[in-house]
Amino acid sequence: MRKILFSLMAAAAALSSPAVFAADKTLTVYTYESFTSEWGPGTKVAEAFEKTCACKVEYVSVADGVELLTRLKLEGASSKADVVLGLDTNLITEAKATGYFAPHGLDVSAVKVPGGFSDDVFVPYDYAHFAVIYDTETVKNPPKSLKELVEGDPNEKIVIEDPRTSTPGLGLLLWVKSVYGDQSAAAWAKLKDRVLTVTPGWSEAYGLFTKGEAPMVFSYTTSPAYHMVAENTERYQAAAFSEGHYIQIEVAGMTKSSHDPELAKSFLAFVTGPEFQSIIPTTNWMMPVAAGKEPLPDAFGKLVSPEKTFLMSPDEVAANRKAWVDEWLSSMSLN
Amino acid sequence: MAVVDEPELSRPVVLTERKITIAAGVFSLGGIALFVGLAAFALLLADVAGVSEGRIFDAYVWRVTRFTLLQAVLSTFLSILFAIPLALALARRPRFPGRVWIVRLLALPLGLPALVAALGLIGIWGRQGVMNTLLSTLGLAQPVSIYGLSGILIAHVFFNLPLATRFLLAGLERIPGEYWLIGTNLGMGRLSLFRLIEWPAIRGLIPGIAGLIFMLCATSFTLVLTLGGGPAASTIEVAIYQALRFDFDPPRVIALSLLQIALTGLLLAVARLLTPPAAEAMTTGRPVVRFDGRDGPAKLLDGFVILLGAGFVLLPLASVLVSGLQSNLLRLATDPMVHRALATSLAIALCSAFLCVLVTIALVSARQTALRPRRPPIAARGLASAIANGSSLVLLVPPVVLGAGWFLLLQPFGDVARFAPFIVVVINMMMALPFAYGILDPAIATHRARTLRLSESLGLGFLDRLRLIDGPSLRRPALMAFSFACALSLGDLGAVALFGSQDMVTLPYLLYSRMGSYRTADAAGLALMLGLVCVLLTIIGTPGERKVEEDADAR
């Protein structure tokens, strides 16, 4: 059995390398799965870019942003990625520490992200604020601040994600830290009574929420846009918090090992351009960072747009993440 | 006219066959060890930037270890405790209405991805579930919450009670028909029958089943987090996943995996020492007819036990069915993406299940052949115990470790994505191995005890024996192992997300993908489809009653 397996592998390996790069130029983009899924922006983005470059866009997609970084670390400098699209700001420090990314050298002054993020290596391509989404049929008085969420009726439950395993989970952790600072542990101990359960990822949490198991879930301000555009319902809404909202910004960067840096650079310019920015909202369900070709769908105008944005620097997050997660663990494990 | 070899001719043939059998077992075991070892080694040697430093076995690790052991021991104990009466009742009532379907559906939970099962369980036991709705109409103000240890236990019993029941039932059905006849002639009561006939048949199975369930519960991840209510409920597997994801710390990943394997291995070894082996018995192949439990109260009690057990397993499945029916099934059924995912899933499941049954038969035969001499040499005993332990502990190797390790190993050979199907097939085969082993080892042991001497003295060649002796009586357990392995493989999300191969979309992968892009209804529909495919497989694995009777007549 093993022999057969190995000879098949050897045969497959022999067939692989040559001939692929024969005709056109190829741009290899590493991204996450939902970007290239049938509903995601991947196909449209590739088609639009291919018109401008006489090249072919090839995606390699892994589960999510964190796994994207893992894959790069495993591959090292031999990675065939030209562009990596789908990390978020919290991963930037670690991504830079690998030494595999090259500065983009682009003028990104047209890019507008709340909180004013800019970086010489990574280009933001979309963002969304984190938010508590509630079911208007069961929640009559949604919390108006993080404080109200923490101190509210413990029988009105919320499902949150685990910061050890998921990006939104880490987002909530940082949000609480931004608002409560040294008092975070106490805030978590109080919020704990309101937490129905902590799921490993966003999908489980949102699944429980839409099943009606909990009236609130931790998600994004853009979540109601999906329900309005695709399902024609205003039942699920985001709660606006008076302290402000923490933001998630998704970024793209080009690798040092790229075999065609000019092409990679033009792709990075493309992702902040009007065409890409028009595709993003209703495929990735995130906010655009620059003006699109067409105006945003109406539903996006109805979304909560926070007056104040929280964003910690990537370095601060990288330096403190472990300690903060430990603090979260001990507050949430108290009885 | 049958030609019987001369005894002096058949002796060397038998010896060569033994050598081949043992060699096949050694080869399979070595292959598995190599597959795991290479992956772990590659990951450990990986020259990776930004590895965090710090002690590996800190207070956090001890806390999750304690909780892992606590919930796994309780889950295992409860699953087996409830499975025994259910298996006894099912064995006593071969003509219970719908029995074959109950037995078939018992194989279904294994085939469901954890997320689907969690949502199904919540439909019944959750705050808005059937149970709480019942309670609130009875006047209860606040819903009873299952989140916490109770939720984890319910989920684990839901997954493992059916498993234990199927394995125990198979053991009970191997009891020779003569036993029941003699039991009745001797006027044995309920307790005596249990003590003298049923218990000896199942006690030898319990350590194996308990070990399997313990491992499944110890490595449980999504269910523990989702139903555990908070991070106080975390398993070592969560720490492993965490260490590989956000922290990306391969040495820690390997150390935690070893901790998980060592702890469980120790527990399993103790469990095995404490239990006597099963007693094998001869039979003339008399049809099994039960004379016990024919009075009204006994029938009523058995019926109650079966309905309770079946209800516990079937209600969450019904909840999956109901939410699936609310989705747009027609659109899903005509979606080419779904067709591709279904084909991919089936291809992977069938390949890995086939491999799994072959490898298991090789391992089991080698172990039993090695132990056959009255005083097996030390090397033979070593091989036998390596096979028994290796084939079960393999379940404890986190698939993420295998995925990441083989990614590193295959990277020099070009595009890793093209290797993904092979790796998935082998990983799924390995994960199903302990199940197939649990089914086939006792079945083959019983079969060999009953037939081996006779077929050897008849000098039957390998092919003739397969056709005339082994085939007919091992077909059922082999099919059962095959369908279990298929179901397991179908529900598996695959450890190769890292490989980034877009062409290899499986049904669970598509389900998660739809779920992750707000398409919850689609995900529910896909869960239903996955369930239906599993049901089809269990029909293969559990032939109907009519067939059983034909088999009995044929003998």
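Look above for the structure.
A brief report on the enclosed structure follows. (Residues numbered from 1 in each chain as written. Chains lettered and ligands numbered in written order. Predicted model: local features only at pLDDT ≥ 70, side-chain atom pairs only at ≥ 80, totals over all residues. Heavy atoms only, no water.)

1. Observations regarding the overall build of chain A
The condition is simple: Numbered from the N terminus, helices here are DSSP runs of H or I no shorter than four residues, and strands are runs of E no shorter than two. Every radius of gyration here is taken over C-alpha atoms, with the globule rule written as 2.2 Å times N^0.38, N being the number of residues. Any residue under 20% of the maximum accessible area for its type is buried, any over 50% is exposed, and the rest in between are partly exposed; the area is computed with a 1.4 Å probe on protein chains only. Any pair of residues with heavy atoms lying within 4.5 Å of one another is described as a contacting pair. In these tables, accessible area is a Shrake-Rupley quantity obtained with a 1.4 Å probe, and a residue counts as shielded only by the protein chains included in the view.
Along the backbone of chain A there are 14 helices and 12 strands. The C-alpha atoms of chain A give a radius of gyration of 21 Å, which matches the 20 Å a tight globule of 335 residues would have. With the C-alpha coordinates aligned to their principal axes, the bounding extent of chain A is approximately 65 × 50 × 35 Å. Looking at chain A residue by residue over its 335 residues, the buried ones come to 61%. For chain A, the proportion of contacts with a sequence separation of at least 24, taken over those separated by at least 6, is 77%. As displayed, chain A has an accessible area near 12700 Å², and 53% of this comes from carbon and sulfur atoms.

2. Thoughts on the overall build of chain B
Across its full length, chain B holds 22 helices and 0 strands. In chain B, the share of contacts with a sequence separation of at least 24, taken over all contacts with a separation of at least 6, comes to 85%. Of the roughly 23700 Å² of accessible surface on chain B, a fraction of 70% belongs to carbon and sulfur atoms.

3. Concerning the nonpolar core
Under the convention used in this document: Take the buried residues of types Ala, Val, Leu, Ile, Met, Phe, Trp, Tyr and Cys, join any two whose side-chain atoms come within 4.5 Å, and each joined set is a nonpolar core.
The biggest cluster of nonpolar side chains holds 276 residues, and the ones touching the most others in it are Leu87(A) and Phe267(A). For this core, the element with the most residues is helix H18 (residues 420-457) of chain B, which contributes 18 residues. With residues near it in sequence (within four places) discarded, Phe267(A) still touches Leu27(A), Val29(A), Val45(A), Phe49(A), Val83(A) and Leu85(A).

4. Digging into the pairing of strand S8 (residues 216-220) of chain A
Residue and element names in this part refer to chain A. Going by this rule: Each pair of strands is called paired provided DSSP finds at least two bridges between the two strands.
Burial within S8 is extensive, with 5 of its 5 residues counted as buried. In this structure, strand S5 (residues 123-135) lies alongside S8, joined through 5 bridges in antiparallel fashion. Bridge pairing in S8 links Tyr 134 to Met 216.

5. Remarks on the pattern of salt bridges
All names here are of chain A. Heads up, the rule is: Within this document, salt bridges are pairs made up of a side-chain nitrogen of Lys or Arg and a carboxyl oxygen of Asp or Glu, the two lying within 4 Å of each other.
Evaluation of the coordinates by the stated rule reveals 21 salt bridges over all chains. The residue Lys 302 makes a salt bridge to Glu 234 at a minimum N-O spacing of 2.9 Å. With Lys 302 in the loop between helix H13 (298-301) and strand S12 (309-310) and Glu 234 in the loop between helix H10 (223-231) and strand S9 (236-239), the pair connects residues that are 68 residues apart, well separated along the chain. Here Glu 234 falls in the partly exposed class, since its relative accessible area comes to 47%.

6. With respect to the side chain of Lys73(A)
Residue and element names in this part refer to chain A. What counts, and what does not: Residues adjacent in sequence count toward polar contacts only when both atoms are side-chain atoms; beyond that, a polar contact is any pair of N or O atoms within 3.5 Å, and within protein one must be able to donate a hydrogen and the other to accept it.
Along the polypeptide, Lys 73 turns up in helix H4 (residues 65-75). Judged by its relative accessible area of 4%, Lys 73 is buried. Side-chain polar atoms of Lys 73 contact the side chain of Glu 94, separated by 2.7 Å.

7. Concerning helix H15 (residues 336-370) of chain B
To keep things clear, this is the line we draw: What a helix should span is 1.5 Å times the count of its residues minus one.
With 35 residues, H15(B) should cover 51 Å at 1.5 Å per step; its first-to-last C-alpha distance of 50 Å lies within 8% of that length. The distance from a side-chain oxygen at the start of H15(B) to the backbone nitrogen of Met337(B) is 2.9 Å, and the residue carrying that oxygen is Asp335(B).

8. Details of the interface of chain A and chain B
By a widespread convention, an interface's size corresponds to the accessible area lost as its parts come together. This is how the line gets drawn: Buried surface area refers to the total accessible area, computed with a probe of radius 1.4 Å, that the two partners give up upon joining, counted for both partners together.
Of the residues lining the interface, 68 residues belong to chain A; the matching set on chain B comes to 74 residues. Buried surface at the junction of chain A and chain B, both sides included, amounts to about 6200 Å², of which 62% is carbon and sulfur. Where chain A packs against chain B, one counts 1 salt bridge. We note a salt bridge from Arg514(B) to Glu38(A), for which the minimum N-O separation is 2.2 Å. Take the side of chain A that touches chain B: its biggest share by element is 8 residues, from helix H1 (residues 2-16) of chain A.

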